[in-house]
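Observations on the three-dimensional arrangement
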Amino acid sequence: MDKKITRRTALQLGLGAAAGSVAGAAIPGPGPSHCVTPAQTEGPFYPKHDQPDKDADLTMVDGQTGAAKGEAIIVSGAVIDESMKPVAGALVDVWQANTHGKYHHEDDPNTAPTDPQFQGWAQLRTDDDGTFSFKTIIPGAYPVSDEWWRPPHIHFKVAKRGYHELTTQMYFAGNDLNEKDSILNELTDAEKSRVVVGFTPSDEHDGANAGHFYIMIRKVIA
Ligand SMILES: [Fe+2]
């Protein structure tokens, strides 16, 4: 798992010439504020009720036997600020639909099956180097209307005192539904590149597909 914000990672973020930094080292000059991760709507399915198991493995639920249905994946990344400095101790709230496109939420009108083995929600803290990672499954698409299906996506809310809270969504590169999604299409192409993530098989995780999501948030200016 990547534990450092490397030059290569910065280049993946599209930070170009500003990418001469490693974890902990600020970039001189103005920060690449145009690279801040774009906000996306929270949506109606943020969990209403607390649950005991909110750890980094969403494919297993305490007290349940067996694993969540669907294709297991690893999502890792880091929270960084506009100066490319890692943001340690940030709360990373993650929630998503199950493999059938159904949320563990009483207001979800989707008639798709529930999955008691799927955790659906995690609350993580970034490490000292700003990194986080979790295991989950690729969420299913779900209908909003007859004409509109939301593409598979994972909701994120990132918070830390001294920074602007960010709510956004992460998408899966190559999914056909991305092109028609009204919410993703609120973003420019450059902004889309910050939230659409490619997944590739990872030897480190027994061949499971893994992707990296780097989240840039803004400091509150006093
Ligand atoms: Fe959603």
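What comes next is a walk through the structure. (Residues numbered from 1 in each chain as written. Predicted model: local features only at pLDDT ≥ 70, side-chain atom pairs only at ≥ 80, totals over all residues. Heavy atoms only, no water.)

1. Thoughts on the sheet that holds strand β11 (residues 209-216)
The strands making up a sheet associate through hydrogen bonds between their backbones, and the pairing can be parallel or antiparallel. A sheet is described by the order of its strands in space; here four strands give the open sequence β4-β1-β11-β10, paired in mixed fashion. Strands with a single pairing partner mark the edges of an open sheet, and in this sheet they are β4 (131-137) and β10 (200-201). Across eight bridges, the pairing between strand β1 (residues 72-80) and β11 is parallel. Opposite A78, over in β11, you have Y214 as the bridge partner. (Pairing = 2+ DSSP bridges. Helix = DSSP H or I, 4+ residues; strand = E, 2+ residues; numbered from the N terminus.)

2. What to know about the sheet that holds strand β8 (residues 166-172)
Taken together, five strands build an open sheet; the order of strands is β3-β2-β7-β8-β9 and the sheet is mixed. Edge positions in the sheet fall to β3 (121-125) and β9 (196-197), since each has one partner strand and no second. Bridging between strand β2 (residues 91-95) and strand β7 (residues 153-159) involves five bridges; their strand directions are antiparallel. Counterpart to V94 in the pairing with β7 is F156.

3. Concerning the environment of N185
By secondary structure assignment, the location of N185 is in the loop between β8 and α2 (189-195). Note on N185: relative accessible area 33%, which makes it partly exposed. (Buried < 20%, exposed > 50% of the residue type's maximum accessible area, 1.4 Å probe, protein only.)

4. Digging into the coordination of the iron ion
Y103 (OH), Y142 (OH), H153 (NE2) and H155 (NE2) make up the full set of protein donors to the iron ion, lying at 1.9 to 2.2 Å. What the four donor atoms of the iron ion show is an angle range of 90 to 160° at the metal, which sorts the shape as irregular. As a motif over one chain, the donors of the iron ion read Y-x38-Y-x10-H-x1-H. Note that Y103 is positioned in the loop between β2 and β3 and H155 in strand β7, a separation of 52 residues in sequence. There is no split in this pair, since Y103 and H155 are both buried. (Donors = N, O, S within 2.8 Å, 3.2 Å for Na, K, Ca; no water. Tetrahedral: all angles 85-135°; square planar, octahedral: opposite > 155°, others 65-115°.)

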